[in-house]
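# Examining the three-dimensional arrangement
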Amino acid sequence: MLKKEEAKIQFSRVSRVDDIKSVEALARTIWEEHYTPIIGADQVEYMLRNFQSSQAIEEQIREGMEYFLILCDASAAGYLAFQPNSGELFLSKIYVLADLRGKGIGSRAMDFIESVALDRDLHFISLTVNKNNTGSIKAYE
């Protein structure tokens, strides 16, 4: 029996305006689907406007946040962002499109984040997560 070929997962640093626009579009799709039941539509819109808009992402990058598009077979599957902070790597964002969850993309993204931390001699990764976001909490554990 032939094994199903694994998807090719890549991480592309976000630096161009087109990349930032892609992250903004992914954020809207992912946040509206995933977070509306958890925090409500008004709060989702607030978060998108203030933290996931192109302008907000550009400002975060200027302040040292590193964004990466997660590519699955060369198509955008999600994004992540992290920043070194007090001797550890702070994982600010890791999001995967709903129809691609459960396919190991998040695990591969965590492996990538861990390798970045180790390459930079950062031995801890920290993050925050909404207490009602049980699926993500389970994935992080």
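Report follows, based on the coordinates. Remember, predicted model here, so these are calculated numbers, not experimental data. (Residues numbered from 1 in each chain as written. Predicted model: local features only at pLDDT ≥ 70, side-chain atom pairs only at ≥ 80, totals over all residues. Heavy atoms only, no water.)

Below, the discussion takes up the packing of aromatic side chains. All chains considered together, the criterion is met by 9 aromatic pairs. With 5.5 Å between their ring centres and 20° between their planes, Phe68 and Phe82 make a pair best called stacked. Taken together, the residues Phe68 in strand E2 (residues 66-72) and Phe82 in strand E3 (residues 75-85) connect sequence positions 14 residues apart. For the pair formed by Phe68 and Phe82, the shared burial category is buried. (Phe/Tyr/Trp six-rings, centres within 6.5 Å; stacked < 30°, edge-to-face > 60°. Helix = DSSP H or I, 4+ residues; strand = E, 2+ residues; numbered from the N terminus. Buried < 20%, exposed > 50% of the residue type's maximum accessible area, 1.4 Å probe, protein only.)

Compared with the 26 Å implied by 1.5 Å per residue over 18 residues, the 25 Å span of helix H1 (residues 17-34) between its first and last C-alpha is a close match. Every buried residue of H1 is accounted for by Asp19, Ile20, Val23, Leu26, Ala27, Ile30 and Trp31. With its buried residues spanning 125° around the axis, H1 presents them on a single face. Exposed residues on H1 whose side chains face more than 90 degrees from its buried face are Val17 and Asp18. (Expected span 1.5 Å × (residues − 1). Arc of directions from axis to C-beta.)

Moving on, we come to the side chain of Ser54. Relative to the assigned elements, Ser54 resides in helix H4 (residues 54-62). With residues near it in sequence (within four places) discarded, Ser54 still touches Ile20, Lys21 and Glu24. (Contact = heavy atoms within 4.5 Å.)

This brings us to the pattern of salt bridges. Overall, the coordinates contain 7 salt bridges when judged by the stated rule. The partner of Asp19 in a salt bridge is Arg16, with the nearest N and O atoms 2.9 Å apart. With a shortest N-O distance of 3.1 Å, Glu45 and Arg28 are connected by a salt bridge. Placement of Glu45 in helix H3 (residues 41-51) and of Arg28 in helix H1 is noted, with a sequence separation of 17 residues between them. Judged by relative accessible area, Arg28 falls into the partly exposed class, the value being 33%. In this structure, a network of salt bridges that share partners links the residues Arg13, Glu66 and Arg120. (Salt bridge = Lys/Arg side-chain N within 4 Å of Asp/Glu carboxyl O.)

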